[in-house]
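Each chain, letter by letter, is given below.
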Amino acid sequence: MIGTAWGMHMCKQKSVSLGSLLLVTLFFVPAVLANTDSHPRAVSLSFVEGTVIARRPGSPNWARAALNMPIEEGVSIATARHSFAEVQFEDGSTVRVGELSRVDFMQMGSAPHSGYVNHLNLAVGFATINIISKRHDEYVLTASGASLLPHGKTEFRADLSHSHLRVEVFKGRVQAADSSRSAQLGRNQVLACDYSARSDFHVTDTIQMDAWDRWVKMRDRQASLAAYSVPAPGMYDWENGLMPFGGMGQLPAALAEDGF
């Protein structure tokens, strides 16, 4: 009797333990799945002119970037003199990178509201971002100490050279902020800041179009005439798909001398 009672007691304890484990599993699994990025990205290098190089996530090595290579989290894109690049996102938004520039794709994930989160960093040079989002995608560009957050359909340009930041807004609105200040920029407004001198945000209405802006306008016209083909994620071979620029080595000396 004692053995039977003890066995029933152990079975009951085991049932309670298994039940508790089941409840814990049912409680935590949905939370884990909710935080899992189950949406493969289809972001690609949609245009290359001149010498454009890329660095894969976690690697110190640079190599020649090929047209239509996928852009994933941790990738960096850099350009040589007289060279330009364009990256296109799922919603048709683009970031266009000027010569002697580098853009890092810091975060490329999914947001809780089913949109995408795109956190880019302008390390040096200049880039123009055109946001035509039709969903709840989030874009943010950091440059030096500032974060630039576009709202809605927006096109803006950021220049960074020796801690001098300049932001020009061609359409839409951009919220600029750092650890101590913020500014709301509207169409045709310009923000300038010298981070080496810890100067304030200086906002004016003096946009000056140059050769890069004209190139971007030309790309806008070209894009309206042709549809982009975006490769499926995972179809790009980092080891064999990149054409070597002096081999799979460090950043070329010519680019390193220009501040990379």
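Please read these numbers as outputs of a predicted model, since none were measured by experiment.

### Quick word on the side chain of threonine 128
Turning to step 1, where the next piece is worked out: Summarising the element assignment, threonine 128 is placed in strand E8 (residues 116-131).
Turning to step 2, where the next piece is worked out: For threonine 128, a relative accessible area of 2% puts it in the buried group.
Turning to step 3, where the next piece is worked out: Only 2.8 Å separates the side chain of threonine 128 from the side chain of tryptophan 212, close enough to count as a polar contact.
Turning to step 4, where the next piece is worked out: Threonine 128 has contacts with Thr94, Val95, Arg96, Glu155, Phe156, Arg157, Trp212 and Val216, leaving out every residue within four places of it along the chain.

### A look at the packing of aromatic side chains
Turning to step 1, where the next piece is worked out: The final tally for this structure, using the stated rule, is 6 aromatic pairs.
Turning to step 2, where the next piece is worked out: Ring centres of phenylalanine 84 and tryptophan 215 lie 5.0 Å apart, and the angle between their planes is 40°; this geometry places the pair in the tilted category. Within this pair, whereas phenylalanine 84 is found in strand E5 (residues 84-88), its partner tryptophan 215 is found in helix H2 (residues 211-225), the two being separated by 131 residues in sequence.
Turning to step 3, where the next piece is worked out: Under the relative-accessibility criterion, tryptophan 215 is labelled buried at 10%.
Turning to step 4, where the next piece is worked out: Taking 5.0 Å as the distance between ring centres and 10° as the angle between the ring planes, the aromatic pair formed by tryptophan 212 and tryptophan 215 counts as stacked. With tryptophan 212 and tryptophan 215 both in helix H2, this residue pair falls 3 residues apart, about one helical turn. Of the two residues examined, tryptophan 212 and tryptophan 215, each falls in the buried class.
Turning to step 5, where the next piece is worked out: Through pairs of rings, three or more aromatic residues link up here, namely Phe47, Phe84, Phe126, Trp212 and Trp215.
Turning to step 6, where the next piece is worked out: Its end group placed over the ring of tyrosine 116, arginine 41 keeps NZ or CZ at 3.9 Å from the ring centre.
Turning to step 7, where the next piece is worked out: Its end group placed over the ring of phenylalanine 201, arginine 181 keeps NZ or CZ at 4.8 Å from the ring centre.

### A few points about empty space enclosed by the protein
Turning to step 1, where the next piece is worked out: Counting across every chain of the model gives 3 cavities of 30 Å³ or more.
Turning to step 2, where the next piece is worked out: Approximately 60 Å³ is the volume found for the largest cavity.
Turning to step 3, where the next piece is worked out: Elements with a contribution of two residues or more to the lining of the largest cavity: E8, strand E9 (138-143) and strand E10 (146-161).
Turning to step 4, where the next piece is worked out: Of the residues forming the lining of the largest cavity, the biggest block, 4 residues, is contributed by E8.
Turning to step 5, where the next piece is worked out: As a volume, the second largest cavity reaches approximately 40 Å³.
Turning to step 6, where the next piece is worked out: Lining the second largest cavity are Thr128, Glu155, Phe170, Met209, Asp213, Val216 and Lys217.
Turning to step 7, where the next piece is worked out: With 3 residues, H2 is the largest single contributor of residues to the lining of the second largest cavity.
Turning to step 8, where the next piece is worked out: Residue composition of the lining of the second largest cavity, grouped by class: 3 nonpolar, 1 polar and 3 charged.

What counts and how
Numbering of residues starts from 1 in every chain and runs along the sequence as written. At least 70 in pLDDT is required for a residue's local features to be given in this predicted model, at least 80 for side-chain atom pairs to be given and counted, and no such filter applies to totals for whole chains, interfaces and linings, which use all residues. Side-chain numbers here rest on the full set of heavy atoms in the structure, without hydrogens or water. Strands are runs of DSSP state E lasting at least two residues, helices are runs of H or I lasting at least four, and both sets are numbered from the N terminus onward. A simple rule labels every residue: compare its accessible area, found with a 1.4 Å probe on the protein chains alone, to the largest value its type can have, and call it buried under 20%, exposed over 50%, or partly exposed in between. Polar contact is the term for a pair of N or O atoms within 3.5 Å; when the atoms are in protein, one must be able to donate a hydrogen and the other to accept it, and sequence-neighboring residues count only if both atoms are side-chain atoms. For this analysis, residues touch if any pair of their heavy atoms sits within 4.5 Å. Stacked, edge-to-face and tilted labels apply to pairs of Phe, Tyr and Trp rings (six-membered ring for Trp) whose centres lie within 6.5 Å, assigned for plane angles under 30 degrees, over 60, and everything in between, in that order. Here, a charge over a ring is recorded when the distance from Lys NZ or Arg CZ to the ring centre is within 6 Å and its angle to the ring normal is within 35 degrees. Lining residues are defined by having an atom within 4 Å of a point belonging to a cavity or pocket. Those points lie on a 1 Å grid over the protein atoms alone, cavities being sets where a 1.4 Å probe fits but cannot get out and pockets being open sets with protein on both sides within 12 Å along at least five of seven lines. Grid points are joined across faces, edges and corners, and a volume is the space filled by probe spheres set on the points. Only Asp, Glu, Lys and Arg are considered charged in this grouping, and only Ala, Val, Leu, Ile, Met, Phe, Trp, Tyr, Cys and Pro are considered nonpolar; every other residue, Gly among them, is considered polar.

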